[in-house]
Amino acid sequence: MSLYSAGVEYGIHCLIFLVGDYGDSREASVRDLAELQGVPLDYLAKIFTRLAKAKLVVATEGVRGGFKLARPADEISVLDIVNAIDGKKLIFDCREIRGRCALFDGTPPPWALDGPCAVHAVMMTAQKRMEEALAQQTILDLARRVGRKAPAEFGEKLNTWMSDRREKKTASNVAVEDGQIIPTTDLSD
């Protein structure tokens, strides 16, 4: 079982697609991002509600409204995205079993419980290093990595696909009610 949900993967990939050619932000609807990546629209709408609450994306208004990055791509870390979608997760939950050793007959000696649990300390170090690694990578770093890997025509196709979708819009793909993002029927469908 993985530590982070599929929503984290979906959210990170979506934000990569919101990074424009020059590191600026492009707009896209949740519906378009779901279709582009073959992910469930309703689930993605919930993810974008969380991203918006964390102020990583902002809703854009109007007939062609959607979402764009709330701040520059080089200021949004992978850890920001993970925490927005899944919340802060610990990789280890210490159960303090060090005092339960059968040799202690139910009364652990002071040395057994003195100081922090060695196993817990190792796991907390691992947690810290993992979070540091996620905090060091920004959505711009990932977008550039994808851009270097993909052939130039992929970027052109993506821009054309996004532009065509925006031009065809006659109604918003989502409504925002009480801070929740609700998928709506696109009247142009």
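Residues numbered from 1 in each chain as written. Predicted model: local features only at pLDDT ≥ 70, side-chain atom pairs only at ≥ 80, totals over all residues. Heavy atoms only, no water.

Draft legend 1. Local environment of the side chain of Asp86. For Asp86, the location among the structural elements is in helix α4 (residues 78–86). At a separation of 2.7 Å, a polar atom in the side chain of Asp86 contacts the side chain of Ser5. Asp86 has contacts with Leu3, Tyr4, Ser5 and Val8, leaving out every residue within four places of it along the chain. (Helix = DSSP H or I, 4+ residues; strand = E, 2+ residues; numbered from the N terminus. Polar contact = N/O pair within 3.5 Å; in protein donor to acceptor, adjacent residues only side chain to side chain. Contact = heavy atoms within 4.5 Å.)

Draft legend 2. Looking closely at the pattern of salt bridges. The full count for this structure, using the stated rule, is nine salt bridges. Here Glu35 ties to Arg165 by a salt bridge, and the two come within 2.9 Å at their closest N and O atoms. With a gap of 130 residues between them, Glu35 in helix α2 (residues 30–37) and Arg165 in helix α8 (residues 152–168) connect regions that are remote in the sequence. In this structure Glu35 comes out as partly exposed when scored by relative accessible area, which is 47%. One salt bridge connects Asp86 with Lys89, and the closest N-O pair in it is separated by 3.7 Å. On the accessibility criterion, Asp86 (17% relative accessible area) is buried. The structure contains a network of salt bridges with shared partners spanning Asp32, Glu35 and Arg165. (Salt bridge = Lys/Arg side-chain N within 4 Å of Asp/Glu carboxyl O. Buried < 20%, exposed > 50% of the residue type's maximum accessible area, 1.4 Å probe, protein only.)

Draft legend 3. Molecular detail of unusual backbone geometry. Positive phi outside glycine occurs at Glu96, with the angle close to 55 degrees. Checked against the element boundaries, Glu96 lands in the loop between α4 and α5 (110–113). Its relative accessible area of 37% is what places Glu96 among the partly exposed residues. With a phi angle near 50 degrees, Asp105 is a residue other than glycine that sits in the positive phi range.

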